[in-house]
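# Coordinates in review
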Amino acid sequence: LALSTVAQTLIPNEMIVKTDPVTGLVSGGIESARGTVRRLMSWGFLLGTFLGGLQIALLPVIHRFSPLVEVQKAALMPSYIASVLQIINGMVFIGEGVMVGTGSFLQLGIYTSVATVGITMALAVLPARFGLTGVWLSFGVFNVLRLLGVVLHQTKLGPLSKRMILKKQEAQITPS
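Residues numbered from 1 in each chain as written. Predicted model: local features only at pLDDT ≥ 70, side-chain atom pairs only at ≥ 80, totals over all residues. Heavy atoms only, no water.

### A look at the nonpolar core
Residues Ile11, Val37, Met41, Ile94 and Val98 are the most contacted members of the largest nonpolar core, which totals 20 residues. Of all the secondary structure elements, the ones that give two or more residues to this core are α1 (3-15), α2 (30-57), α3 (69-101), α4 (105-130) and α5 (132-157). For this core, the element with the highest residue contribution is α3, accounting for 8 residues. When sequence neighbours within four positions are dropped, the list of residues in contact with Val98 reads Ala7, Ile11, Val37, His153 and Gln154. (Core = buried A, V, L, I, M, F, W, Y, C linked by side-chain atoms within 4.5 Å. Buried < 20%, exposed > 50% of the residue type's maximum accessible area, 1.4 Å probe, protein only. Helix = DSSP H or I, 4+ residues; strand = E, 2+ residues; numbered from the N terminus. Contact = heavy atoms within 4.5 Å.)

Here you go:
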């Protein structure tokens, strides 16, 4: 669905204040970009929920992929996990696109590195205990950590977070 690319394009475009030369109407700016992020995150959540629901709805046809009952049983729980992860993925892809769009490459790299360490640690433990389901649980650890990075960026550390906007405004008011 290229949700990340959509955010990468829309957010920087929306951050720029534009004035229509004919009407004089002003659009864009930081608050406008924040509104766009909220809408995109909502769309990511809705699309992820829809895709996850579709995956669950299609579970009864799992027998068409393998006639082996053992394979069908082994794939059932990972299929449920993958369906739930779609909700997270929709928001993560948008959120990471926002990070690229705002030029927050270092933050994105740090969050991705932390998530990579998390999945590596999870893969060292969970598959041995839960088999194939453990692999998918490990993937869940990876995506939850990425989502936490998105939340941190949007609420505390990113240029569109209220905290950083207020900090920038205070720096402009206070003489150096």
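### Description of α2
In a regular helix each residue adds 1.5 Å, so 28 residues correspond to 40 Å; α2 covers 40 Å between its end C-alpha atoms and thus fits that length. Here the buried face of α2 lies against α1, α3, α5 and α6 (162-173). (Expected span 1.5 Å × (residues − 1).)

### Things to note about the packing of α1 against α3
Two numbers describe how α1 lies on α3: the axes approach to 7 Å, and their chain directions differ by 40°. In terms of crossing hand, the pair formed by α1 and α3 is right-handed. Contacts between α1 and α3 involve Leu3, Ser4, Ala7, Gln8, Ile11 and Pro12 from the former and Gly90, Phe93, Ile94, Glu96, Gly97, Val98, Val100 and Gly101 from the latter. Tallied by class, the residues present in the contact of α1 with α3 amount to 8 nonpolar, 5 polar and 1 charged. (Axes fitted to C-alpha atoms, helices over the stretch in contact; angles between N-to-C directions. Left-handed = near helix turned anticlockwise from the far one by under 90°. Nonpolar A, V, L, I, M, F, W, Y, C, P; charged D, E, K, R; others polar.)

### Examining the environment of Leu123
Mapping Leu123 onto the fold places it in helix α4. Considered as a pair, Leu123 and Gly134 are 11 residues apart in the sequence and their alpha carbons are 7.4 Å apart. Excluding anything up to four places from it in sequence, Leu123 contacts Val135 and Ser138.

### Let's talk about a nonpolar patch on the surface
On the surface, Phe50, Leu51, Leu54, Leu58, Val61 and Phe65 cluster together to form a nonpolar patch covering roughly 590 Å² of accessible area. When you line up the elements, Leu51 lands in helix α2. (Patch = residues over 30% accessible without salt bridge, like charges linked within 9 Å, V, L, I, M, F, W, Y side chains within 5 Å. Areas by Shrake-Rupley, 256 points an atom, 1.4 Å probe, with all protein chains shown as cover. Salt bridge = Lys/Arg side-chain N within 4 Å of Asp/Glu carboxyl O.)

### Let's talk about the packing of α2 against α3
Relative orientation of the contacting elements α2 and α3 amounts to 160°, with a least axis distance of 8 Å. Put simply, α2 runs roughly antiparallel to α3. Crossing of α2 against α3: the hand is right-handed. Contacts between α2 and α3 involve Val37, Leu40, Met41, Gly44, Phe45, Gly48, Thr49, Leu51, Gly52, Gln55 and Ile56 from the former and Tyr80, Ala82, Ser83, Gln86, Ile87, Gly90, Met91, Ile94, Gly95 and Val98 from the latter. Among the residues forming the contact of α2 with α3, the class breakdown is 12 nonpolar, 9 polar and no charged. (Parallel < 35°, antiparallel > 145°, perpendicular 65-115°, else oblique.)

### Examining the confidence of the model for the chain
Detailed reading of the predicted model is not advised wherever pLDDT is low. Overall, the prediction assigns the chain a mean pLDDT of 93, with 98% of residues at 70 or greater. For the chain, the element scoring lowest by mean pLDDT is α6, at 87; α4 scores highest, at 98. (pLDDT = per-residue confidence, 0-100.)

### With respect to the environment of Leu40
Tracing the sequence through the fold places Leu40 in helix α2. Residue classification places Leu40 among the buried residues on the basis of a relative accessible area of 10%. Linking Leu40 and Ile11, residues 29 residues apart in sequence, is a C-alpha distance of 9.7 Å. Here Leu40 is in contact with Val6, Ala7, Leu10, Ile11 and Ile94, once residues within four sequence places are set aside.

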